[in-house]
Amino acid sequence: MADSIYNNSKKNVLMITSGYPPLAAPASKRTACLAKFLPEFGWCPIVVHQDRGVEEKCYGIDPDFVENIPAEVLSLPVRTATHRRWSAPFMYDIFLRYFRPHAGPVSFMKNGRATLDHVFAEHRIDVIWATFPLSFTHGLASWAARRWRLPWVADCRDIIGQRPSTRFVDNAVIPLHIKYEDALLRDADAVVTVSEELGGILKKRHGVDAHIIPNGFDPDDLAGEEPPPLDRFRIVYTGHVAPGHTGFNPLLDAVGELDREGVINPGDIAIDFFGRGNESRLKEMFAGHQYERLVRIHDAVPWRECRAAQRHAAVLLQAAYAGRTGIITSKIFEYFAARRPILAVPRDGDCVDRMLEQTGAGFSCSTPAEIAPLLRGWYNEWKETGTVRCPGNREAILKFSRRRQAKDLARIMDRLLDD
């Protein structure tokens, strides 16, 4: 291992995550962007992460997923074995996933502990940070904190039970997983989550006070002030369409209303979805709709292409989840950076509504009657000017810069050392 900047003049943070670039996964983005900017605030990261082979088929590899990570950020992959299906090791890892999620896969925990032995033998570590999901990152961090008597920060991008499942076994083990969550978060010296609402759930559930560091955008991805010329009125969605969403049919219904009124030409409009594994769900969602022909379904694309699609949209479509507290997908922060108008469907009566109101970056709507006037206004602006402006509040949007969030994390870790 190199010992470049890891010396007594710097504070060093060990970061443990399930994903890291070039793996194009949500865990990769949050960890890498924080690691990218932490050196500006006096912290040098050493990132220990699951090797990319385990999740590569699910998320894909993208060398540009997070750009300009400083060379001094040390990245150490931990080998995780792929077992033959239905073999004894395979079945044991399945058992751990459901009944002791913080303790497996076995190969990751074994190899992860060996990796940490080498890290601590060569570097002074001041604080440990680990992000959930997956549970084994918190499990490994808790073990390391006890062994080397260091403070650790439990980062929670999600919390147990946050996302619904259609599988009985997933729902049946939630109480057990919450029990493990309780033990790990109470063991941590600081807890971080991504929204005030999720922080409130953790406070009620476990009696812990969570710091709020939302997901955000890389300031290197921030689009310019001037909106680009648009050759077509494109409504763009990028990312996974998750189970539990009520669907985007109100958008097509609104297009239909405007077409019948004669105020739009459907031939000008394209509704583009980019994302891995969306095709079957979207085809089911829009099946039989009169305006289904406007929907174009694409596979996932590399980050640079995704960013370009976002920046050249007339409107960016955001999924929201009515009745589910604290759910903010990381995609909305990329949309903030793209500086295009955002349409969230449906209203969630929660954090997405509040964020759009605070930033002025878009609107939340649930019904065709709410959506149609917005589309009419954006469409008419496009016909008249060749583009659509986003009047978002720049200062409010910049609060979600990953650089600012790295500064917030640095302050939390600084306080742990002062206590």
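Reading the values: rules and limits
Residues numbered from 1 in each chain as written. Predicted model: local features only at pLDDT ≥ 70, side-chain atom pairs only at ≥ 80, totals over all residues. Heavy atoms only, no water. pLDDT = per-residue confidence, 0-100. Contact = heavy atoms within 4.5 Å. Buried < 20%, exposed > 50% of the residue type's maximum accessible area, 1.4 Å probe, protein only. Helix = DSSP H or I, 4+ residues; strand = E, 2+ residues; numbered from the N terminus. Pairing = 2+ DSSP bridges. Right-handed = clockwise from strand over helix to strand, strands pointing away. Lys, Arg positive; Asp, Glu negative; His and termini not counted. Salt bridge = Lys/Arg side-chain N within 4 Å of Asp/Glu carboxyl O. Core = buried A, V, L, I, M, F, W, Y, C linked by side-chain atoms within 4.5 Å. Axes fitted to C-alpha atoms, helices over the stretch in contact; angles between N-to-C directions. Patch = residues over 30% accessible without salt bridge, like charges linked within 9 Å, V, L, I, M, F, W, Y side chains within 5 Å. Areas by Shrake-Rupley, 256 points an atom, 1.4 Å probe, with all protein chains shown as cover. Charge placed at Lys NZ, Arg CZ, Asp CG, Glu CD.

Next up on the list: the confidence of the model for the chain. Chain-level pLDDT for the chain is 92 on average; 97% of the residues reach the 70-or-more range. A low-confidence stretch, residues 1-6 (pLDDT under 50), is modelled with 20 contacts involving residues beyond four sequence positions or located in other chains.

This paragraph deals with the pairing of strand β12 (residues 342-345). Neither face of β12 is exposed, since I342 and A344 on one face and L343 and V345 on the opposite face are all buried. By the bridge criterion, three bridges tie β12 to strand β13 (residues 362-364) in an arrangement that is parallel. Bridge assignment links A344 to a residue of β13, and that residue is S364. Following the backbone out of β12, through helix α13 (residues 351-359) and into the adjacent parallel β13, one traces a crossover that is right-handed.

It is worth spelling out the side chain of D350 at this point. Mapped onto the fold, D350 is located in the loop between β12 and α13. For D350, which is buried and forms no salt bridge, the nearest opposite charge comes from R354, at a distance of 5.6 Å. Among all residues touching D350, those that are not within four sequence positions of it are E197, R324, T325, G326 and I327.

Let us now look at the nonpolar core. In this structure, F233, F273, F336, L343 and L375 are the most contacted members of the largest nonpolar core, which totals 63 residues. At seven residues, the largest contribution of residues to this core is made by helix α14 (residues 368-385). If near-sequence neighbours (up to four positions away) are discounted, F273 is found in contact with Y237, V241, F248, L282, F286, V295, R296, I297, H298 and L317.

Two pairing modes exist for strands in a sheet, parallel and antiparallel, and in both the strands are linked by backbone hydrogen bonds. Within the open sheet, the seven strands sit side by side as β3-β2-β1-β4-β5-β6-β7. Their pairing is parallel. Unpaired on one side and paired on the other, β3 (74-78) and β7 (210-212) mark the two borders of the sheet. Averaged over all adjacent pairs, the angle separating strand axes in this sheet is 25°, with direction ignored. Bridging between strand β1 (residues 11-17) and strand β4 (residues 127-132) involves four bridges; their strand directions are parallel. When the bridges of β4 are listed, M15 appears paired with W129.

Counted residue by residue, helix α12 (residues 331-338) has eight buried out of eight residues, so it is predominantly covered. Among the residues of α12, K331, I332, F333, E334, Y335, F336, A337 and A338 are the ones counted as buried.

Further remarks concern a negative patch on the surface. On the surface, a cluster of negative charge is made up of D187, D189, D418 and D419. With respect to the helices and strands, the residue D187 is situated in helix α7 (residues 174-187).

On to the pattern of salt bridges, then. On inspection of all chains with the given rule, the structure shows 27 salt bridges. Here D221 ties to R307 by a salt bridge, and the two come within 2.5 Å at their closest N and O atoms. Pair noted here: D221 is in the loop between β7 and β8 (233-238) and R307 is in helix α11 (residues 303-311), with a separation of 86 residues, a long-range link. In this structure D221 comes out as buried when scored by relative accessible area, which is 8%. With a relative accessible area of 14%, R307 lands in the buried category. One continuous salt-bridge network, built from bridges that share partners, spans D64, E67, D221, R304 and R307.

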